[in-house]
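# Secondary and tertiary structure notes
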Amino acid sequence: MAPVSTRISSIPKPVRAAGSNSTIERFAWMAGSLIVLGLFWQFLADVLQNRYLPTPVVVFDVMLREAENGDLWKHVSATLVRVAIAFVISMFIGTAIGLALGRYKTADKFFDAWLILFLNLPALVTITLCYIWFGLTDAAAITAVALNKIPNVAVNMREGARSLSKDLSEMAEMYRFGWWKTLRHVTVPQLAPFLAAAARSGLSLVWKIVLVVEAFGRSNGVGYRLGIAFQEFDVSTILAYALAFIFIVQLIEFAVLQPLQARVNAWRR
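Position numbers for residues start from 1 in each chain and track the written sequence from start to end. Only residues with pLDDT of at least 70 are given local features in this predicted model, and only at 80 or more are side-chain atom pairs given and counted; all residues enter the totals for whole chains, interfaces and linings. Hydrogens and waters are ignored; side-chain quantities use all the structure's heavy atoms.

Our next topic: the overall build of the protein. Secondary structure elements follow DSSP: runs of H or I of four or more residues count as helices, runs of E of two or more count as strands, with numbering from the N terminus. Within the protein, the regular secondary structure consists of 11 helices and 0 strands. Reading the helices (α) and strands (β) of the protein from amino to carboxyl end gives α-α-α-α-α-α-α-α-α-α-α. Looking at the protein as a whole, 33% of its 269 residues are labelled buried. By sequence separation, contacts in the protein at least 24 residues apart represent 74% of the contacts at least 6 residues apart. Calculation of accessible area relied on Shrake-Rupley with a 1.4 Å probe; when residues are assessed, cover is drawn exclusively from the protein chains displayed. When the accessible surface of the protein is totalled, it reaches about 17200 Å², and 68% of it is carbon and sulfur. Partly exposed describes any residue whose relative accessible area lies between the buried limit of under 20% and the exposed limit of over 50%, with all areas from a 1.4 Å probe on protein chains only and scaled to the type maximum. In what follows, residue pairs with any heavy atoms lying within 4.5 Å of each other are defined as contacts.

Moving on, we come to unusual backbone geometry. One non-glycine residue, Phe233, adopts positive backbone phi at about 55°. Positionally, Phe233 belongs in the loop between α10 (222–231) and α11 (235–264).

Each Phe, Tyr or Trp ring (for Trp, its six-membered ring) is paired with any other whose centre lies within 6.5 Å, and the angle between the two planes then decides the class: stacked below 30 degrees, edge-to-face above 60, tilted in between. Across all of its chains, the model carries 7 aromatic pairs by this definition. Seen in terms of ring centroids, Trp133 and Phe134 are 6.5 Å apart; in terms of plane orientation they differ by 80°. Their pairing is edge-to-face. A connected cluster of aromatic rings, assembled from ring pairs, spans Phe110, Phe111 and Trp114.

Residues forming no salt bridge and having over 30% relative accessible area are the ones grouped into patches, like charges within 9 Å of each other and nonpolar side chains (Val, Leu, Ile, Met, Phe, Trp, Tyr) within 5 Å. Salt bridges are defined as contacts in which a side-chain nitrogen from Lys or Arg sits within 4 Å of a carboxyl oxygen from Asp or Glu. Together, Phe110, Phe111, Trp114, Leu117, Phe118, Leu121, Val125, Leu129, Ile132, Trp133 and Phe134 line one region of the surface with nonpolar side chains, adding up to about 1100 Å² of accessible area. Looking at the nonpolar patch, the elements with two or more residues in it are α5 (105–119) and α6 (123–134). Within the secondary structure, Leu129 sits in helix α6.

Considering only enclosed or pocket space, the largest pocket measures out at about 550 Å³ in volume. If you list the elements that add at least two residues to the lining of the largest pocket, you get α2 (18–48), α3 (56–68) and α11. Take the lining of the largest pocket: its biggest share by element is 7 residues, from α11. Throughout, the ten residues Ala, Val, Leu, Ile, Met, Phe, Trp, Tyr, Cys and Pro are labelled nonpolar, Asp, Glu, Lys and Arg are labelled charged, and all others, Gly among them, are labelled polar. Classifying every residue of the lining of the largest pocket gives 14 nonpolar, 2 polar and no charged. Only protein atoms enter the 1 Å grid, on which a cavity is a set of points fitting a 1.4 Å probe that cannot get out and a pocket is an open set with protein on both sides within 12 Å along at least 5 of 7 lines, lining residues being those with an atom within 4 Å of a point. Grid points are joined across faces, edges and corners, and a volume is the space filled by probe spheres set on the points.

In this section: helix α7 (residues 138–162). The span one expects for a helix is its residue count, reduced by one, times 1.5 Å. Look at α7: 36 Å from first C-alpha to last across 25 residues, which is about the 36 Å you get at 1.5 Å a residue. Helix geometry: α7 is bent most strongly at Lys149, by close to 30°, with proline Pro151 lying one to four residues after it. The bend reported for a residue corresponds to the angle between axes fitted to the seven residues ending at that residue and the seven starting there.

The next thing to look at is the pattern of salt bridges. The tally for this structure, following the rule as stated, stands at 8 salt bridges. The partner of Glu66 in a salt bridge is Arg65, and the shortest N-O contact between them spans 3.7 Å. The buried category is assigned to Glu66, whose relative accessible area is 4%. Residue class for Arg65 comes out partly exposed when judged on its relative accessible area of 45%. A salt bridge links Glu214 to Arg82; its shortest N-O distance comes to 2.7 Å.

Taken over all residues, the pLDDT of the protein has a mean of 81, while the share at 70 or more is 82%. Confidence, read as mean pLDDT per element, is least for helix α1 (residues 4–9) in the protein (46) and greatest for α6 (91). Scored from 0 to 100, pLDDT reflects the predictor's confidence in each residue. Long-range and interchain partners of residues 4–17, a stretch whose pLDDT sits below 50, account for 2 contacts in this model, where long-range means more than four residues apart.

So this is what it looks like as structure tokens:
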């Protein structure tokens, strides 16, 4: 028989650096892709020599100028506040609706047509109606954004509620977990991936609709600034504000939402 030390050393050790290596590789590919895109943009701008396609250098100069005079931070912060409020409201209400529809078949059958209706209702219609009904206010803008997002969250969470394991629920009941331990250790871990997916898709949808809402009827925010730049045919300002806001949203995506989704999916094999 081989010595104990030999047998222990022969046991394969878990690869701990795989996750970090994959993250570095993903960022490397992303950085390389963006560099190629920037070079292609520069090439097109040099070839076309058109004022409606400024070079990356011109766009970043405009971005720095807007940041220095404070306009960029003022408009971006106003948009982020609206995004955050509408996101929280839509996630809370949409989750409650989705769980109710997933758990109660009668309610699901009755309200399914409503859900399909609101899923297919154009965002512009909702925005217009909210501004007509409630006036050109932040409350109307946030309501319009939330109404467009709630159905998407509800659909995701309904599927999550439908996928809850009856075996795990029966096991929790048999071992007398109680409602709190059952919720924490049985229900929430199963729903977490659906909630994380709804949050990631929700953020991308909410901030796009917020820009439309601001361009349509607000006096500040990135959407409002893009509307002004459109009227002046100022492509450099349009691209500068678009890139600045995209950078912030992607930072939230990579720093918060993706790690959160990876964590909630860690228990799955």
